[in-house]
Amino acid sequence: MVNIADKEYKLLTDYILSNYGIKLGEGKRTLVEGRLQGILHQLNFDSFSKYYDYILSDDTGQAASNLMSRITTNHTYFMREPDHFYYFRDTVLPQLKDSVTDKDIRVWSAGCSTGEEAYTLAMIMLDYFGMEKHLWDTNILATDISSRVIDIAKKGEYDNKDIEPLPSKWKSNYFSQINDEISVISEKVKKEVIFRFFNLNNAAFPFKREFHVIFCRNVMIYFNEETKRDLINKFYNSLYPGGYLFIGHSECLNRGNFKFKYVMPSIYRKD
């Protein structure tokens with residue numbers, strides 16, 4: 001096992017904070033050291049200093065992407081925090097159906113992990129619009145800083161035990177069983193989601209048009225206050241007036257510091 005020295009740990013965590021806004025304190029040292037052992041062994045590095053230099057010298061960005069794939073926790077599942085999805089289905093979609101005149105509904109799943117959130121939103125919209133779906137453009141942008149989880153999401157393959165709690169209609173209409181253990185999400189759902197690598201810590205967002213809804217749940221818990229404040233302001237500027245921001249139930253916005261209007265716990269709206 002390669003041990004990480006104090007200086008090496010500071011170099012790596014400062015790099016992660018500066019480039020991704022994720023603050024890893026001293027309490028995460030064991031986690032960082034453990035999760036990176038495999039990649040050091042794979043690259044035949046005998047120190048974290050050599051690994052750090054390798055990341056800095058890699059112009060492709062793949063080394064940094066692999067680092068973040070190892071460091072970040074990508075725990076998610078279908079219909080996680082279901083109240084959000086019910087509110088999206090029962091309140092947000094009817095409002096958008098009445099107000100979006102060009103029939104182009106723009107939804108962003110930021111920090112999409114392995115795709116369950118984005119695919120859940122896609123299935124909800126397929127159900128909601130039904131026979132009228134062909135009249136609407138409802139593609140979902142799903143982004144993450146981990147290229148590894150994006151590759152998993154694009155495949156759309158999930159354990160049967162993980163989709164067991166889903167409605168029977170969804171399982172029959174939107175999944176095909178590969179074998180006794182694995183099912184794959186259908187192409188009609190896959191084509192509703194666009195997966196992309198994206199760093200939420202970018203100084204500016206490149207989107208040409210605003211979104212109607214942004215889901216960014218259980219992501220900001222990793223950020224320091226400055227990064228969180230900047231991100232929330234960028235989300236606000238990336239939404240149409242009347243647009244919604246959904247965050248995790250364990251997260252909250254200080255209403256005195258942000259422009260968002262409080263709707264209910266973990267749901268906010270741009271006036």
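My aim in this report is to walk through the structure given alongside it, one point at a time. (Residues numbered from 1 in each chain as written. Predicted model: local features only at pLDDT ≥ 70, side-chain atom pairs only at ≥ 80, totals over all residues. Heavy atoms only, no water.)

### Overview of the overall build of the chain
Thinking step 1. Within the chain one finds twelve helices and ten strands.
Thinking step 2. Here the C-alpha atoms of the chain give a radius of gyration of 20 Å, agreeing with the 18 Å that 2.2 N^0.38 yields for 271 residues.
Thinking step 3. Taken over the C-alpha atoms alone, the chain extends approximately 60 × 50 × 30 Å along its principal axes.
Thinking step 4. Among the 271 residues that make up the chain, the fraction classed as buried is 52%.
Thinking step 5. Here the contacts in the chain between residues at least 6 apart in sequence split such that 75% fall between residues at least 24 apart.
Thinking step 6. Within the structure as shown, the chain displays about 13700 Å² of accessible surface, and the carbon and sulfur contribution to it stands at 49%.
Thinking step 7. Between the centroid of the 35 positive side chains of the chain and the centroid of its 36 negative side chains there is a distance of 4 Å. (Helix = DSSP H or I, 4+ residues; strand = E, 2+ residues; numbered from the N terminus. Rg over C-alpha atoms; globule rule 2.2 N^0.38 Å. Buried < 20%, exposed > 50% of the residue type's maximum accessible area, 1.4 Å probe, protein only. Contact = heavy atoms within 4.5 Å. Areas by Shrake-Rupley, 256 points an atom, 1.4 Å probe, with all protein chains shown as cover. Lys, Arg positive; Asp, Glu negative; His and termini not counted. Charge placed at Lys NZ, Arg CZ, Asp CG, Glu CD.)

### Examining the pattern of salt bridges
Thinking step 1. By the definition in use, this model includes 16 salt bridges.
Thinking step 2. Arg209 is the salt-bridge partner of Asp102, the closest N and O atoms lying 3.2 Å from each other. Here Asp102, found in the loop between helix 6 (82–99) and strand 1 (107–110), pairs with Arg209, found in the loop between strand 6 (193–197) and strand 7 (211–215); they are 107 residues apart in sequence, far enough to count as distant.
Thinking step 3. In this structure Asp102 comes out as partly exposed when scored by relative accessible area, which is 45%.
Thinking step 4. Between Arg217 and Glu117 there is a salt bridge, and its shortest N-O distance comes to 2.7 Å. Taken as a pair, Arg217 in the loop between strand 7 and helix 12 (225–237) and Glu117 in helix 7 (residues 116–129) lie far apart in primary sequence, 100 residues in all. Taken individually, Arg217 and Glu117 each receive the classification buried, so the pair is uniform in this respect. (Salt bridge = Lys/Arg side-chain N within 4 Å of Asp/Glu carboxyl O.)

### Details of the sheet that holds strand 9 (residues 261–264)
Thinking step 1. Strands sit in the order 6-2-1-7-8-10-9 across an open sheet of seven strands; the sheet is mixed. The open sheet has two edge strands, strand 6 and strand 9, and neither has a second partner. On average, adjacent strands in this sheet sit at an angle of 20 degrees to one another, irrespective of strand direction.
Thinking step 2. Of the strand pairs in this sheet, strand 8 (residues 239–246) and strand 10 (residues 267–269) are connected by three bridges, and their pairing is antiparallel. Following the sheet pairing, Tyr244 is matched in strand 10 by Arg269.
Thinking step 3. Sheet strands touched by helix 7: strand 1, strand 2 (140–144), strand 6 and strand 7. Its angle to strand 2, the strand with the most contacts, is close to 170 degrees. (Pairing = 2+ DSSP bridges. Axes fitted to C-alpha atoms, helices over the stretch in contact; angles between N-to-C directions.)

### With respect to the packing of aromatic side chains
Thinking step 1. Under the definition given, this model contains 25 aromatic pairs.
Thinking step 2. Taking the centre distance of 4.9 Å and the plane angle of 65 degrees together, the rings of Trp108 and Phe207 count as edge-to-face. Of this pair, Trp108 sits in strand 1 while Phe207 sits in the loop between strand 6 and strand 7; the two residues are 99 residues apart in sequence, bridging distant segments of the chain.
Thinking step 3. Look at Trp108 and you get buried, because its relative accessible area is 0%.
Thinking step 4. You can call Phe207 partly exposed: its relative accessible area is 24%.
Thinking step 5. Put simply, the rings of Phe85, Tyr87, Phe88, Phe215, Tyr244 and Phe246 pair up and form one aromatic cluster.
Thinking step 6. Taking the ring centre of Tyr9 as reference, the NZ or CZ of Arg29 above it sits at 5.0 Å.
Thinking step 7. Stacked on the ring of Phe211, the Lys or Arg Arg106 has its end atom at 5.0 Å from the ring centre. (Phe/Tyr/Trp six-rings, centres within 6.5 Å; stacked < 30°, edge-to-face > 60°. Lys NZ or Arg CZ within 6 Å of the ring centre and 35° of its normal.)

### Things to note about the nonpolar core
Thinking step 1. Of all hydrophobic cores here, the largest spans 47 residues; its most connected members are Leu36, Leu67, Trp108, Leu200, Phe235 and Phe260.
Thinking step 2. Secondary structure elements with two or more residues in this core: helix 1 (6–20), helix 3 (37–43), helix 4 (48–57), helix 5 (62–71), strand 1, strand 7, helix 12 and strand 8.
Thinking step 3. Among residues more than four places away in sequence, those in contact with Phe235 are Trp108, Ala110, Leu200, Phe205, Ile214, Cys216, Leu245 and Phe260.
Thinking step 4. Judged by nonpolar contacts, the second largest core, of 41 residues, contains Val100, Ile105, Cys112 and Ile267. (Core = buried A, V, L, I, M, F, W, Y, C linked by side-chain atoms within 4.5 Å.)

### Overview of the sheet that holds strand 5 (residues 182–185)
Thinking step 1. Taken together, the three strands give an open sheet; going across it, the order is 3-5-4, and neighbouring strands pair in antiparallel fashion. Edge strands, defined here as strands with exactly one partner in the open sheet, are strand 3 (157–159) and strand 4 (175–177). Strand-to-strand twist of the sheet, defined as the mean angle between neighbouring strand axes without regard to direction, takes the value 35 degrees.
Thinking step 2. In this sheet, strand 5 lies alongside strand 4 in antiparallel orientation, the contact comprising three bridges. Counted as the bridge partner of Phe175 is Ile185 from strand 5.

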